[in-house]
Amino acid sequence: KQGVSMAKAATTKRRASPKLKKDEALHYYREMLLIRRFEERAGQLYGMGKIAGFCHLYIGQEAVVTGMQACLKEGDQVITGYRDHGHMLACGMESRGVMAELTGREGGYSRGKGGSMHMFSREKNFFGGHGIVGAQVPIGTGLAFANKY
């Protein structure tokens, strides 16, 4: 019975959806397009053997990170798993630096040593993509504790 009343309450208390301005919509579209085009190029370079190791593309998930970044406040921190190129671009890391990292060049965010899954930027509060499944959980927990205490 409680579930029924909660469902009824949810339908009666609808809030007006926020209006998205044209310039904001264009900004989000451009962010998603940048991520898509970047990932398409990364996929090509991987196929040509220019990106060593693994290369987990973010194609099809562009809206997820764009929406997430739109909700963040100044000083918020981000950490993610191994599918991280879109996160890097969405938080404002330069596409040249991300691609340099993917291709193992010195100009990359980890000086070309991190590859596809191990980049971060303290300046952008991006605490990395992590190649080991679940590795971001204890690191994210540590960030949360450091912020709280």
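Structural data are supplied above this passage.
Since the structure is predicted, the reported quantities are computational estimates derived from the model, not experimental observations.

Asker: Even after reading the chapter, I still don't get the environment of glycine 129, so can you show me in this structure?
Answerer: When you line up the elements, glycine 129 lands in strand β2 (residues 126-129). Beyond its immediate chain neighbours, meaning those up to four positions away, glycine 129 contacts Thr80, Gly81, Asp84, Met117, His118 and Met119.

Asker: How should I be thinking about helix α2 (residues 22-47) in this particular structure?
Answerer: Because an α-helix completes one turn every 3.6 residues, residues spaced three or four positions apart along the sequence face the same direction. The terminal C-alpha atoms of α2 lie 37 Å apart, and with 26 residues this matches the ideal 38 Å at 1.5 Å per residue to within 8%. Along α2, the residues that are buried comprise Glu31, Ile35, Phe38, Glu39, Ala42 and Leu45. Looking at the buried positions of α2, the neighbouring elements they touch are α3 (62-71), α4 (85-90) and α5 (95-102). Of the residues one or two after α2, glycine 49 is the one with positive phi, at around 85 degrees.

Asker: Quick question: what am I supposed to make of the packing of α2 against α5 here?
Answerer: Packed helix pairs are specified by the crossing angle of their axes together with the interaxial distance, meaning the distance between the axes. Where α2 contacts α5, the axes come no closer than 11 Å and their chain directions differ by 20 degrees. With respect to α5, the element α2 is oriented roughly parallel. Where α2 crosses over α5, the two elements pack in a sense that is right-handed. Together, Phe38, Arg41, Ala42 and Leu45 of α2 and Ser95, Val98, Met99 and Leu102 of α5 make up the contact between the two elements. Here the contact of α2 with α5 is composed, by residue class, of six nonpolar, one polar and one charged.

Asker: Can you help me understand the pattern of salt bridges in this one?
Answerer: Pairing between side chains of opposite charge can happen when their charged atoms approach one another. Evaluation of the coordinates by the stated rule reveals two salt bridges. With a closest N to O distance of 2.5 Å, arginine 36 and glutamate 62 form a salt bridge. You can see arginine 36 sitting in helix α2 and its partner glutamate 62 sitting in helix α3, a full 26 residues away along the chain. Among the residues examined, glutamate 62 registers a relative accessible area of 7% and is labelled buried. Salt-bridge contacts for arginine 37 lead to glutamate 40; the nearest nitrogen and oxygen are separated by 3.0 Å. Here glutamate 40 and arginine 37 lie together in helix α2, a separation of three residues that amounts to about one turn.

The rules behind these values
- Residues numbered from 1 in each chain as written.
- Predicted model: local features only at pLDDT ≥ 70, side-chain atom pairs only at ≥ 80, totals over all residues.
- Heavy atoms only, no water.
- Helix = DSSP H or I, 4+ residues; strand = E, 2+ residues; numbered from the N terminus.
- Contact = heavy atoms within 4.5 Å.
- Expected span 1.5 Å × (residues − 1).
- Buried < 20%, exposed > 50% of the residue type's maximum accessible area, 1.4 Å probe, protein only.
- Axes fitted to C-alpha atoms, helices over the stretch in contact; angles between N-to-C directions.
- Parallel < 35°, antiparallel > 145°, perpendicular 65-115°, else oblique.
- Left-handed = near helix turned anticlockwise from the far one by under 90°.
- Nonpolar A, V, L, I, M, F, W, Y, C, P; charged D, E, K, R; others polar.
- Salt bridge = Lys/Arg side-chain N within 4 Å of Asp/Glu carboxyl O.

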